[in-house]
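Single-letter residue listing:
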Amino acid sequence: MFALEGIRVLDLSRLAPGPFCTMLLGDMGADVLLIEPPPSRLHAVMGVAASGDEERRSAAYNAFGRNKRSMILDLQTDEGRRIFYRLADTADVVLEGFRPGVVRRLAVDYETVRKVNPAIVYCSLSGYGQDGPYAGLVGHDINYISIGGALGMIGWPDTPPAIPSNVIGDFAAGGLQAAYGILLALLARERTGKGQYVDIAMSDGVLQLLAVHVSDYFRQGAVPAPGSSALNGGQPNYNVYECKDGKWISLGSLEPHFFANLCRFLGGEEFIEHRDDPAWFPDMRSHFAQRFRTRTRDEWFEAMRGTDLCVAPVYSLDEALADPHNRHRQMVVDVEAPGLGVVQQVGISVKLSETPGRVRQVAPLAGQQTDAVLEGLGYGAAEIAGLREREVVA
């Protein structure tokens, strides 16, 4: 049994945050049906799509599409919308990631869908939410972490902000928060019998992820600048250092006992009583830097990992995927891909003892289950052929 077995999700989203959200739900057993637009319309927005063997290979390695089914349905047609309403009638969740107002124009918005199914949990995932001065703005991760205050504190003093990959806005503040909101609404429905609307703004999520910094600001009035606070490089004992081989190692020895162990290990006992004294930071940083340049990164990690201090190698992605701990934690999994054999994908981070998630299948090809879905709704072969001829489905 899966934790979300029996939960039906209609996924209207396109870009990274939405598919990441429904990947999380699908990994835990939800039946996720992708409602995809006709190829010509999708290609006009996303560019030229893969086809044939290239499409199958792309699907096989597409973690965001795994554990899902796909149908192509034109929601700009009356017939397409009627099919969607029939699907929504037995669904538990609808997720959409359009700009505010789009689903209303398509007549697949929450107010319309709840008339069909009052118990529906309907989630809108957008950059700035459904209301407010910025609601209509377009954007991407870099914009959301800018508005949310994260980008302004990442990097080093007197340098431009360091642009991270799109983990903070798209995935943590967006997809993960959307999955969390959907699950909360499903839990509430178990108690009340009522569905509800879930409004997820990635800019909101970024600010909430900064809760510790926001709390410090309201308490002290200090604005965390790049490389200035304890948690973004301002202290030598919570920092990164280059090693003999040009690779880097990270330290996180903030607490007094961890810091003392670090100083003793690196031969800097004189620093122990000055852990929080900025006047000593330049000497600490210089000492640590000189010491780390005497061995390779992996030599240092092997030597330090047995001590009670906070240390880890700074990995490139390929190194992270090969790391024995990540492998032991099953964060790389083998998946059978029809026609291709076994492919590898990222694993599932949430480990449940009784109802664990599993990667059951690779991503579908666009529209792969269109006929099966329609047959499940009671459409006959002639009706399906007619819908295809009129390009309502594909």
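Higher on the page you've got the structure.
As a starting point, this report considers the structure included with it. (Residues numbered from 1 in each chain as written. Predicted model: local features only at pLDDT ≥ 70, side-chain atom pairs only at ≥ 80, totals over all residues. Heavy atoms only, no water.)

### Comments concerning the state of the cysteines
Our working rule: A pair of cysteine sulfur atoms is labelled a disulfide when the two atoms are within 2.5 Å. Three exposure classes are used, based on accessible area relative to the maximum for each residue type with a 1.4 Å probe and protein chains only: buried under 20%, partly exposed in between, and exposed over 50%.
Throughout the structure, instances matching the rule amount to zero disulfides. Cysteine Cys243 shares no disulfide, and the gap to the nearest cysteine sulfur, in Cys310, comes to 17 Å. Judged by relative accessible area, Cys243 falls into the buried class, the value being 4%. Note on Cys263: no disulfide assigned, nearest cysteine sulfur contributed by Cys310 at a separation of 13 Å. Look at Cys263 and you get buried, because its relative accessible area is 0%.

### What to know about the nonpolar core
Side chains of nonpolar character tend, in soluble globular proteins, to be buried together. Selection criterion: Here, the term nonpolar core denotes a set of buried Ala, Val, Leu, Ile, Met, Phe, Trp, Tyr and Cys residues that are joined through side-chain atoms within 4.5 Å. Helix and strand definitions here come from DSSP, where helices need a minimum of 4 consecutive H or I residues and strands a minimum of 2 consecutive E residues; each element is numbered from the N-terminal end. In what follows, residue pairs with any heavy atoms lying within 4.5 Å of each other are defined as contacts.
Leu25 and Ile182 are the most contacted members of the largest nonpolar core, which totals 32 residues. Residue assignment for this core shows that the elements contributing at least two residues are helix H1 (17-27), strand S2 (31-36), strand S4 (93-96), strand S5 (121-126), helix H8 (167-192), strand S6 (196-201) and strand S10 (332-337). Here the element with the most residues in this core is H8; it accounts for five residues. In contact with Ile182, not counting residues within four places along its chain, are Cys21, Leu25, Val93, Val121 and Cys123. If you look at the next biggest cluster of nonpolar residues, it comprises 30 residues, including Met71, Val103, Tyr110 and Leu377.

### A closer look at the packing of aromatic side chains
For any pair of aromatic rings, the description rests on two quantities: the centre-to-centre distance and the angle between the ring planes. This is how the line gets drawn: Aromatic rings from Phe, Tyr and Trp, taking only the six-membered ring of Trp, are treated as a pair when their centres fall within 6.5 Å; an angle between ring planes under 30 degrees marks them as stacked, one over 60 as edge-to-face, and anything in between as tilted. Comment: the charge-over-ring label is applied if NZ (Lys) or CZ (Arg) is within 6 Å of the ring centre and within 35 degrees of the ring normal.
Enumeration according to the criterion identifies 16 aromatic pairs in this entry. With a centroid separation of 6.1 Å and an interplanar angle of 80°, the aromatic rings of Phe271 and Trp280 are classed as edge-to-face. Of the residues examined, Trp280 reaches a relative accessible area of 27% and is grouped as partly exposed. Linked through ring pairs, Tyr241, Phe265, Phe271, Trp280, Phe288, Phe292 and Trp300 together constitute an aromatic cluster. Directly above the ring of Trp300 sits Arg295, whose terminal nitrogen or CZ lies 4.7 Å from the centroid. The ring of Phe2 carries the charged tip of Arg360 above its face, separated from the ring centre by 5.0 Å.

### Topic: the environment of Thr355
Structurally, Thr355 can be placed in the loop between strand S11 (341-346) and helix H16 (370-376). Beyond its immediate sequence surroundings of up to four residues, Thr355 is in contact with Met1, Phe2, Ala3 and Met28.

### Observations concerning the packing of H8 against helix H9 (residues 202-209)
Short version of the rule: The convention used is that axes are lines fitted to C-alpha atoms, helices contributing only their stretch in contact, and that angles between N-to-C directions extend from 0 to 180 degrees. Comment on the angle field: the value is read as roughly parallel under 35 degrees, roughly antiparallel over 145, roughly perpendicular from 65 to 115, and oblique elsewhere. Each residue is assigned to one class: nonpolar for Ala, Val, Leu, Ile, Met, Phe, Trp, Tyr, Cys and Pro, charged for Asp, Glu, Lys and Arg, and polar for all the others, Gly among them.
As a packed pair, H8 and H9 sit with axes 8 Å apart at the nearest point and diverge in direction by 100°. By the criterion of interaxial angle, the relationship of H8 to H9 is roughly perpendicular. Residues Ile168, Gly169, Asp170, Ala172, Ala173, Gly174 and Gln177 of H8 form the contact with H9, whose participating residues are Met202, Gly205, Val206, Gln208 and Leu209. Taken together, the residues of the contact of H8 with H9 sort by class into six nonpolar, five polar and one charged.

### A closer look at the side chain of His213
Position of His213 among the secondary structure elements: in helix H10 (residues 211-220). Ignoring any residue separated from it by four or fewer positions in sequence, one finds His213 in contact with Met153, Pro224, Ser229 and Leu231.

### Re the sheet that holds strand S3 (residues 68-72)
Selection criterion: A pair of strands is labelled paired if DSSP reports no fewer than 2 bridges between them.
Spatially, the six strands line up as an open sheet ordered S3-S2-S1-S4-S5-S6, and their pairing is parallel. The open sheet terminates on both sides in strands that have one partner only, identified here as S3 and S6. Averaged over all pairs of adjacent strands, the angle between their axes in this sheet comes to 20°, without regard to strand direction. In this structure, S2 lies alongside S3, joined through five bridges in parallel fashion. For Val32, the partnering residue across the bridge sits in S3 and is Lys68.

### Thoughts on the packing of H1 against H8
Filter applied, for reference: In this scheme, a crossing is called left-handed if the near helix is turned counterclockwise away from the far one by less than a right angle; it is called right-handed if the turn is clockwise.
The N-to-C vectors of H1 and H8 enclose an angle of 45°; their axes lie 8 Å apart at closest approach. By the angle class used here, H1 and H8 are oblique. Of the two elements, H1 crosses H8, and the hand of that crossing is right-handed. The residues of H8 that touch H1, namely those facing Pro17, Phe20, Cys21, Leu24 and Leu25, are Asp170, Phe171, Gly175, Leu176, Ala178, Ala179, Ile182 and Leu183. When grouped by side-chain class, the residues that make up the contact of H1 with H8 number 11 nonpolar, one polar and one charged.

### As for the environment of Leu10
Of note, Leu10 is situated in strand S1 (residues 8-11). Sequence spacing of Leu10 and Ala225 is 215 residues, and the spatial spacing of their C-alpha atoms is 42 Å. When residues no more than four places from it in sequence are discounted, the contact partners of Leu10 are Leu33, Phe84, Leu87, Ala88, Ala91, Val93, Val94 and Leu95.

### Comments concerning the pairing of S1
Quick reminder of the rule: Here the term right-handed applies to a crossover when the path leading from its first strand over the helix to its second strand runs clockwise, the strands being oriented away from the viewer.
Here four bridges tie S1 to S2, and the two strands are oriented parallel to one another. Paired with Leu10 across the two strands is Leu33, which belongs to S2. Assessed by its sense of winding, the connection that carries the chain from S1 through H1 to S2 is right-handed. Pairing geometry for S1 and S4, over three bridges, is parallel. Bridge pairing in S4 links Asp11 to Leu95.

### Section: a nonpolar patch on the surface
Defined as follows: Surface patches are drawn from residues lacking salt bridges whose relative accessible area is over 30%; two like charges belong together within 9 Å, two nonpolar side chains (Val, Leu, Ile, Met, Phe, Trp, Tyr) within 5 Å. Each accessible area is a Shrake-Rupley result for a 1.4 Å probe, and residues are judged covered by the shown protein chains and nothing else. We count a salt bridge whenever a side-chain nitrogen from Lys or Arg sits within 4 Å of a carboxyl oxygen from Asp or Glu.
On the surface, Trp156, Val240, Trp248 and Val314 cluster together to form a nonpolar patch covering roughly 350 Å² of accessible area. Turning to its location among the elements, Trp156 is positioned in the loop between helix H7 (141-147) and H8.

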